[in-house]
Each structure stands twice: as C-alpha cells, then as structure tokens.
Amino acid sequence: VRWRVAVPVLVPLLSLALAGCIPASPDVGTYRAQALQTLQTATSEVATVQKLLEQQQDGRIFSPVVITQLRYSEDSLAKRTQAFSALNPPPSQDDLDTKCTAVLGTAQDLLGDARVAAHRSDLAEYPQLLDQLDRVSTRLDDLERTLS
Amino acid sequence: VKSLFAVALGILTAVGGFVDIGDLVTNGLVGSRFGLSLAWVVVVGVVGIAVFAEMSGRVVAVSGRPTFDIVRERLGPRVGLANLVGSMAVSLLTYVAEIGGVALSLELATSVWEYFWLPFTAAAVWLVLWRAKFDIIENVFGLLGLALVVFAVAVWHLGPDWGGLFHTAVTAAKPGQEDITTYWYFAIALFGAAMTPYEVFFFSSGGVEEKWSEKSIPTMRANVLIGFPLGGMLSLSIAAAASLTLQPASIEVNTLGQVALPVSIALGKLGLAIALLGFFAATFGAACETGLSVGYSIAQYFGWQWGKFVPPMQAARFHAVLLLSTLLAVAILLTTIDPVLVTEFSVVFSAIALPLTYLPILIVANDEQYMGHRSNRWLANTLGSIYMVVVVVASLAAIPLMIITNMGTT
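Residues numbered from 1 in each chain as written. Chains lettered and ligands numbered in written order. Predicted model: local features only at pLDDT ≥ 70, side-chain atom pairs only at ≥ 80, totals over all residues. Heavy atoms only, no water.

*Asks:* Please give an account of the overall build of chain A that cites residues and values.
*Replies:* Across its full length, chain A carries 5 helices and 0 strands. Mapped in sequence order, the helices and strands of chain A form the string α-α-α-α-α. Counting only residues that meet the buried cut, chain A has 39% of its 148 residues in that class. Counting contacts in chain A only where the partners sit at least 6 residues apart, residues at least 24 apart contribute 82% of the total. For chain A, the exposed area adds up to about 8,100 Å²; of that, 57% sits on carbon and sulfur atoms. (Helix = DSSP H or I, 4+ residues; strand = E, 2+ residues; numbered from the N terminus. Buried < 20%, exposed > 50% of the residue type's maximum accessible area, 1.4 Å probe, protein only. Contact = heavy atoms within 4.5 Å. Areas by Shrake-Rupley, 256 points an atom, 1.4 Å probe, with all protein chains shown as cover.)

Structure (structure tokens):
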C-alpha cells in the first residue's frame, strides 16, 4: 500500500530531477526568449565595463572598485552564456545560435582583456579596449533588435 | 537646547539608519530598469512604516513594554508564535543579507574577495552587539549612514530634466519593454524593502532600551514622521541616480558596484569614497539592528531577560541567540551564496510576512486596557486598516509573481 502511494509521488519527482540533468531542448519561442535575455545580460555587463574603464581613464574611480566590478561582470556574463550554450537550439534557430555564440564569445574575451588591463593599470590599452567594447555593444544591440 | 538636540539627533539617525542593503540593491535595480516609475511605491512604503512605527512606539511609551511582548500576552501564544516565526525568519534572512552587504562593501573598497571579509565582518558585528552600548550602535551608524546623501548630491550634480523625472514618477508609466507582471513584482519588492519587519522590532524594543515614557512621544513622532520620509528621499535618490546614468546605457543593477557607479560618474573619487562609507555604515548599522531584532523577538516571546540595558551576564540567553544567529548567518554566506540574491529574497519574503507583523500591532494599539487614552484614534485606525489591506494583497501576490517572473528576470 505504501508503494502505491509513493510511486505516483516519486515518479514525477524523479522525472523532474532527471530533467534538470539533461540539456533542455526548448521550443522556438522559449529559445529566442532565452537568447534575448542572454544578450541583454551581455549588453548590461559590456556597458558596465565601458563605464568603468571611462571613469578610470579620467581618474574618477578607485582601482579596487573597477577590479571588483569587472570580476562580477565577467562572472555574470560567463554564467549566463554557459546556461544559454547548454540549450539545444531548435533546427530553425541554428543561424541565431551561431550569431549569439560568436558575439557572446567576443564579449567574454573582451571582458577578460579589460580585467587584465585593469589589474596592470595599463591605461594605454584602454582606448583600444573601449573601441572594441563599443563595437561589440553595437553587435549585441543589432542582434537584440532582431529578437524583440 | 538639550531636548532639541535629542530630537535632531533622533531625526538624523532615523534618516541615516533608514537605508539598508535591501533598499540599496532594490532601489538601484528598480531605478536602472524602471526609472522613477515605481517611486510611488517608496512613498506608499514610507507612509506605511511610519504609521506602524508610530503605533508600536506609542505602545512602548505608554506601557513601557515592547510591542511583541504585549502581542503574546494579548493574543495568546499561538498567534504570538505565528508572529514570531514569520517576522523572525525574515529578520534572520535580512541579517544574513546585511552581513553579506558589509562584506561586499569591504570587497568594493579593497578588491579583496568578499568571503575573506565574512568571518571578520561577523565577528565585528557580534563584538559590537556584545560590547557596545545601545545608543552608540544607533547613533554612530545612523549618523555615518547619512553619507548616502551623496546620492542626492549626485542627482543634483547630474543636472537632470526635473520636469521629466517628476513626470515619470507621477505618471508611474512602465517602460515599454518591461512586462506588467515584472513591474508589479518589483513594486512588491520595493514595498517589502521599505516596510521590513525588523525596523518595527528594533524601533519598539529600542524604545524600551532608551526607557521611553509618555513624555517621549513627541520626540518619537518627530523621528518617525520627519526622519523616515527623509530616509525615503535617500532611497529615491539612489533610484534616480541609477535611472539617470545606468538606464540610458542599458545597465541593469545586480551588484553593489553598479549601485555606486552613478556617484562616480557624477562626483568622481570623492563622491565615491563617501558612497562607500555610506554603504559600509548602512549595512553594518542594519546588521546590528537585524541581529538585535532576532534576539529581541525570541527573548521577548519566551519571556527571557533581554536587551542592552542590562549586562550580558544577566541576559545570557539573549546574547546566546545573538551569537548563534551570527554564526548561522556567516555559515549560510560561506556556502558562497550570492548576498545580493539573499537580499532579493529577503525583501520579497518581507512582503510575505508583513501581515503577521503589522496586524498584531494594530490590535494592541487599539486596546484601551494597555493604551488608555493613548489608544489609536480615527486617523491611525483608518491608515492602519487601509495598510492592512495593502499588506495582505502584497503578501498574497508576492510568491505567484516571484514564480511567474522568475524573480524579475523575465
């Protein structure tokens, strides 16, 4: 009798637990919504880093604040990108997947470069980094616009 | 002159002590996403906390006993227990968030990892709770918290279109790209941040610590009716600064560093240094207040000796609760949970627990047996009743909205 009661409770719970271990295969709408959220996170973190570098270039911000926030921005983008990359894109969204993966990868690399430059207080690198961040920001905006 | 100084000091500490990690993060986040379109919630929240803080302060001044001691006696142990569990759980969660907030402030100032700071922060908070006098805790951190006025200066220095800001605040127009459910989710989070239960616990128990009598009622009212609204202005200036600098750049606030960024943009290093001092004071002061609130609530429910007005040896169980809750808080944070996430949970769960905290206050403040001629009059009862409807609605809507919006991320 106990098993008769337990099975209907345990089976859905076990299924849910297993579902959490398997990469999700969302429908087109959900996949595009996830892509949009990931791009928005990337836009926010790239813009944050742009502001930080501009402020540091002008001597208006303390180095520890820049280094700490860069760490958080990099972590936040990496986590969001990783969660998005774990999704199985629907076949019709392969093109979107390729574009997102490319621009998110570039953004991640740039945030890593910004961290290194900030740690070294390499202000000479900042103009080039800001220029690259500006370009990736435009790409993110363009891709977001196609999704919203 | 002495009484004027006491009133002024009370008001200033009420202003400086109003903002905590919940207000910092929630107002920064809301400002960066919704501009000032949710400013009305801060106003509603400040009026609400002022209404109930005045009631609980009056109860203490008349009876000489903390509100929740009377709640248990007047409404019985079962209602008292529901009140204790709901309010204390939220206070404990807020305590975790505040200690995390202190560590984040130190990390921001030094770039040394927050987890390094956690044990030192917890030890410092516990040491202050154990050794420092009540008025030192209240006044020092309250006054230092005034450093957050730098956000108002930053807004003024940014030279905004005041008409446009005022228009957004008055029309409460949701930004087009945001979902209506997300708008209401953040409205409840802001409301919970403004009306956190620990504020009333601390305020009423603090009245006993400071030996309020009926003569203290005018001073208490000045603190509540002037200090809290001015504290609310600080919250609004954090949101306004974020809306002016971060929203146009599509930056969504998720960290304390992003909350500080508008001050750096407006005022440079000096402003930023003051903001960091304000973060530290606000979170450390609130950590002491929430820690004490956890101790107050448990000790008052079980009828133990409590408070800073007696030596620790005479209130050993109260101090044991303070120590254990501090150890629990640091243990939770050392699991590497994000303190900002804990903060987001704490403000939403505050909203859920609001009826459990505020309904008993309304009942006790109406009881002539305790209050005599100082029981609630029509204005306090009308406002109290309206707010009970608001807090019940917010409490019921909080969890469904949290699930639907995935904690505001949709």
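*Asks:* Let's hear about the pattern of salt bridges: which residues, and what values?
*Replies:* Considering all chains together, one arrives at 13 salt bridges over all chains under this definition. Ionic pairing is found between glutamate 74 of chain A and arginine 115 of chain A, a salt bridge with its closest N-O pair at 2.5 Å. A residue pair is termed long-range when its members are at least 10 positions apart, and glutamate 74 of chain A in helix α3 (residues 63-85) and arginine 115 of chain A in helix α4 (residues 94-119) qualify at 41 residues. Its salt-bridge partner being arginine 58 of chain B, residue glutamate 54 of chain B comes within 3.0 Å of it at the nearest N-O pair. Of this pair, glutamate 54 of chain B and arginine 58 of chain B both sit in helix α3 (residues 39-63), 4 residues apart, which is roughly one turn of the helix. Each of the two residues, glutamate 54 of chain B as well as arginine 58 of chain B, counts as buried. Bridged by salt links that share partners, the residues Arg33, Glu178 and Glu252 of chain B form one connected network. (Salt bridge = Lys/Arg side-chain N within 4 Å of Asp/Glu carboxyl O.)

*Asks:* Account for the packing of helix α14 (residues 339-365) of chain B against helix α16 (residues 378-404) of chain B, naming residues and giving values.
*Replies:* Residues and elements named next belong to chain B. Relative to each other, α14 and α16 sit at 150 degrees, their axes nearing to 9 Å. As for how α14 packs across α16, the hand of that crossing is left-handed. Taking contact as the criterion, the partners of Phe345, Val348, Phe349, Ala351, Ile352, Leu354, Pro355, Tyr358, Leu359 and Leu362 in α14 are, on α16, Asn381, Gly384, Ser385, Met388, Val391, Val392, Ser395, Ala398, Ile399 and Met402. For the contact of α14 with α16, a count of residues per class yields 16 nonpolar, 4 polar and no charged. (Axes fitted to C-alpha atoms, helices over the stretch in contact; angles between N-to-C directions. Left-handed = near helix turned anticlockwise from the far one by under 90°. Nonpolar A, V, L, I, M, F, W, Y, C, P; charged D, E, K, R; others polar.)

*Asks:* For the packing of α3 of chain A against helix α4 (residues 67-110) of chain B, give the residues involved together with the corresponding values.
*Replies:* Contact geometry of α3 of chain A with α4 of chain B gives a least axis separation of 5 Å together with a crossing angle of 120 degrees. As judged from the angle between their axes, α3 of chain A and α4 of chain B are oblique. For the pair α3 of chain A and α4 of chain B, contact is made by Pro64, Val65, Thr68, Arg71 and Tyr72 of chain A and by Leu104, Glu107, Leu108, Ala109 and Thr110 of chain B, respectively. Here the residues of the contact of α3 of chain A with α4 of chain B sort into 6 nonpolar, 2 polar and 2 charged. (Parallel < 35°, antiparallel > 145°, perpendicular 65-115°, else oblique.)

*Asks:* Pulling in residues and values, what's your account of the side chain of serine 237 of chain B?
*Replies:* Turning to its location among the elements, serine 237 of chain B is positioned in helix α11 (residues 217-245). Within the structure, serine 237 of chain B has its side chain in polar contact with the backbone oxygen of leucine 234 of chain B (distance 2.7 Å). (Polar contact = N/O pair within 3.5 Å; in protein donor to acceptor, adjacent residues only side chain to side chain.)

*Asks:* Please give an account of the interface of chain A and chain B that cites residues and values.
*Replies:* The interface is formed by 20 residues belonging to chain A together with 30 residues belonging to chain B. Considering only the side of chain A, the residues that lose the most area to chain B are Arg60, Phe62 and Tyr72 of chain A, jointly responsible for 27% of the buried surface there. Counting across the interface, chain A meets chain B through 1 salt bridge. At the surface where chain A touches chain B, the tally comes to 16 residue pairs in polar contact (both at pLDDT 80 or more). (Buried area = accessible area lost by both parts, 1.4 Å probe.)

*Asks:* Go over α4 of chain A, please, and point to the residues and values.
*Replies:* Residue and element names in this part refer to chain A. Helix length check: α4 (26 residues) gives 38 Å between terminal C-alpha atoms against 38 Å at 1.5 Å per residue, within 8%. Inspection of α4 places Leu96, Cys100, Val103, Leu104, Ala107, Leu110, Leu111, Gly112, Ala114, Ala117 and Ala118 among the buried residues, and these make up the whole buried set. Where α4 is buried, its residues meet α2 (28-57), α3 and α5 (126-147). Phi for serine 121, located one or two positions after α4, is positive at around 50 degrees. (Expected span 1.5 Å × (residues − 1).)

*Asks:* Tell me about the environment of alanine 329 of chain B, and name the residues and values.
*Replies:* Residue and element names in this part refer to chain B. For alanine 329, the location among the structural elements is in helix α13 (residues 316-333). Remark: the alpha-carbon pair of alanine 329 and leucine 92, spanning 237 residues in sequence, is separated by 7.7 Å. Dropping the residues within four chain positions of it, alanine 329 is found in contact with Tyr95, Val96 and Ile99.

*Asks:* Can you explain the nonpolar core? Please cite residues and give values.
*Replies:* Residues and elements named next belong to chain B. If you look at the biggest cluster of nonpolar residues, it comprises 176 residues, and the most contacted ones within it are Leu38, Phe52, Phe151, Phe228, Phe279, Leu292 and Tyr358. With 21 residues, the top contributor of residues to this core is helix α12 (residues 256-302). For phenylalanine 151, the residues in contact, after removing those within four places along its chain, are Ser237, Ile238, Ala241, Val259, Val263, Ala275 and Phe279. (Core = buried A, V, L, I, M, F, W, Y, C linked by side-chain atoms within 4.5 Å.)

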